[in-house]
Amino acid sequence: MKKTVLTMALCACAATSVQAAEWSDTSIGYRTGGRFREPFNASEIHKDIIDINHVSGYAYGTNFFNLDVLLSNKTDPSAPGAKSGAQEFYLVYRNTISLGKVSGKEFAYGPVSDVGLTLGFDANTKDDAGYNSKKRMLVVGPTLAFKVPGLLNVGIYGLWESNAPNNEFTQTSVARYRYDTHPMLGAVWAFPIGASGWSWEGFANWIASKGKDEFGNQTAPETNIDMQLLYDLGPLLGAKPKTFRAGVAYQYWHNKFGNDSKRVPGASASTPMVKAEYHF
């Protein structure tokens, strides 16, 4: 399944390269924290996360690609009784088509600078003791771009999600299960803090219940907020601005993957992190 996600990552990269980029930014990053949680696991988990990120603009819109490689410690074991931690690959791809650029007409009104149509997908694979996620999710919906110093995009999206887990404790597998189609309200932002060299960036998603899960339990609405405060170290290191950035990050995830935290231990977490990234 790792090969499947990596193949999808290569396809997403190919899709971005087919469109002639007017601008682009590619980075590799590292972040780490010790207070991650996973549903049905009451322990706090340390994770080291390596990410490859690409964003670019082309004649009719923008592309976004991110691959996270998440490496857990032994409190999130790779198999029953294992002393090694789980590994996860999580891929996100989004293509936002600007209605203003496609039509040649202005779609600005009030605080809104443009309207777009966003299409994309999420995919993951994880080798862990109890679930072994194989998530596949299609994402489609309108996005509003706002007139702000920096970036603020807000959209409402339809989600078509499925999974096919395998429980190594019970040696049972679930055939690919499709949840109810459900909406998501999402925001992405990047605000420079004056000329200080600091930038506040992140995303926030509110995801509605997706009906019953593959085990017959009712899912709960999900909130995922991930943000970072980064300083531009490039000039201090004799490099171009925004080449090296470092700072702190924070993630709040409530009812992770739709698991109700009222009955599922580990379904919510508040996780501070440190982060560094190199842009090339």
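See above for the structure.
Colleague: Describe a nonpolar patch on the surface, naming the residues involved and giving the relevant values.
Modeller: Together, Ile-28, Tyr-30, Ile-50, Ile-52, Leu-71, Leu-236, Leu-237, Phe-244, Tyr-278 and Phe-280 give the surface a local cluster of nonpolar side chains, amounting to about 930 Å² of exposed area. Looking at the nonpolar patch, the elements that each hand over two or more residues are strand S1 (21-38) and strand S2 (41-58). In this structure, Leu-71 sits in strand S3 (residues 61-72). Take Leu-71: its relative accessible area is 31%, and that puts it in the partly exposed class.

Colleague: Quick rundown of unusual backbone geometry? Include the residues and the values.
Modeller: If you check the backbone angles, Phe-40 has positive phi at about 70° while not being a glycine. Within the fold, Phe-40 resides in the loop between S1 and S2. Residues other than glycine seldom take positive phi values, yet Lys-242 does so here, at roughly 65°. Within the secondary structure, Lys-242 is located in the loop between strand S13 (222-232) and strand S14 (244-254).

Colleague: So what's going on with the nonpolar core? Which residues, and what values?
Modeller: Ranked by size, the top nonpolar core spans eight residues in total: Phe-36, Ile-45, Ile-49, Leu-70, Tyr-90, Val-92, Ala-249 and Met-273. Only S2 and strand S4 (87-98) provide two or more residues apiece to this core. Apart from residues lying up to four places away in sequence, Ile-45 is in contact with Gly-33, Gly-34, Arg-35, Phe-36, Arg-37, Glu-38, Ser-72, Asn-73, Thr-75 and Asp-76. Within the second largest apolar cluster, six residues are counted, among which are Met-137, Val-139, Tyr-157 and Ile-207.

Colleague: Go over the environment of His-254 with me, naming the residues and quoting the values.
Modeller: Relative to the helices and strands, His-254 is located in strand S14. When its relative accessible area of 26% is taken as the criterion, His-254 is described as partly exposed. Separated by 18 residues in sequence, His-254 and Leu-236 place their C-alpha atoms 38 Å apart. Sequence-distant contacts of His-254, defined by excluding residues within four places in its chain, comprise Pro-221, Glu-222, Thr-223, Ser-261, Ala-267 and Ser-268. Engagement of the side chain of His-254 in a polar contact is seen with the side chain of Asn-255, the distance being 3.4 Å. Of the polar contacts made by the side chain of His-254, one reaches the side chain of Ser-268; its length is 2.7 Å.

Colleague: Describe the pairing of strand S15 (residues 269-279), listing the residues and the values that go with them.
Modeller: Every second residue of S15 is oriented toward a common face, the buried set being Ala-269, Thr-271, Met-273, Lys-275, Glu-277 and His-279 and the non-buried set Ser-270, Pro-272, Val-274, Ala-276 and Tyr-278. Here S1 pairs with S15 via six bridges, running antiparallel. Paired with Gly-29 across the strands is Glu-277, a residue of S15. In this structure, S14 lies alongside S15, joined through ten bridges in antiparallel fashion. Note on S15: the bridge partner recorded for Gln-251 is Thr-271.

Colleague: Run through the packing of aromatic side chains, naming residues and quoting values.
Modeller: Scanning the entire structure with this criterion turns up eight aromatic pairs. Measuring from ring centre to ring centre gives 5.3 Å for Tyr-177 and Tyr-179, while their planes differ by 80°; the resulting arrangement is edge-to-face. Classification of Tyr-177 as partly exposed rests on a relative accessible area of 25%. Given a relative accessible area of 9%, Tyr-179 falls into the buried group. Relative to Tyr-231, the ring of Trp-198 has its centre 5.1 Å away and its plane inclined at 50°; by these criteria the two rings are tilted. In this pair, Trp-198 sits in strand S12 (residues 198-207) while Tyr-231 sits in strand S13, placing the two residues 33 residues apart along the sequence. One aromatic cluster is present, built from ring pairs that chain together Trp-189, Phe-191 and Trp-200. Seen from the ring of Tyr-179, Lys-210 lies directly overhead, with NZ or CZ sitting 4.4 Å from the centre. When the ring centre of Trp-253 is taken as origin, the NZ or CZ atom of Lys-256, which lies over that ring, is 4.6 Å away.

The rules we used
Throughout this description, residue numbers start from 1 for each chain and increase along the sequence as written. In view of the model being predicted, local features appear only for residues whose pLDDT reaches at least 70, and side-chain atom pairs are presented and counted only at 80 or more, with totals across whole chains, interfaces and linings using the full set of residues. Neither water nor hydrogens contribute to the side-chain values; these are computed over all heavy atoms in the structure. Patch building starts from residues that exceed 30% relative accessible area and form no salt bridge, then joins like charges within 9 Å and nonpolar side chains (Val, Leu, Ile, Met, Phe, Trp, Tyr) within 5 Å. Method for areas: the Shrake-Rupley scheme with a 1.4 Å probe, in which residue coverage is limited to the protein chains shown. A carboxyl oxygen of Asp or Glu within 4 Å of a side-chain nitrogen of Lys or Arg is what we treat as a salt bridge. Here a helix means four or more residues in a row that DSSP labels H or I, a strand means two or more in a row labelled E, and each is numbered from the N terminus. Only protein chains enter the calculation, and the probe is 1.4 Å; a residue is then buried if its accessible area is under 20% of its type maximum, exposed if over 50%, and partly exposed in between. For this analysis, a nonpolar core means a set of buried residues of the types Ala, Val, Leu, Ile, Met, Phe, Trp, Tyr and Cys, connected via side-chain atoms within 4.5 Å. In what follows, residue pairs with any heavy atoms lying within 4.5 Å of each other are defined as contacts. Residues adjacent in sequence count toward polar contacts only when both atoms are side-chain atoms; beyond that, a polar contact is any pair of N or O atoms within 3.5 Å, and within protein one must be able to donate a hydrogen and the other to accept it. Any two strands with at least two DSSP bridges between them are considered paired. Stacked, edge-to-face and tilted are the three classes for Phe, Tyr and Trp ring pairs, Trp counted by its six-membered ring, which pair at centre distances within 6.5 Å; planes under 30 degrees apart are stacked, over 60 edge-to-face, the rest tilted. Only when the NZ atom of a Lys or the CZ atom of an Arg is both within 6 Å of the ring centre and within 35 degrees of the ring normal do we say a charge sits over the ring.

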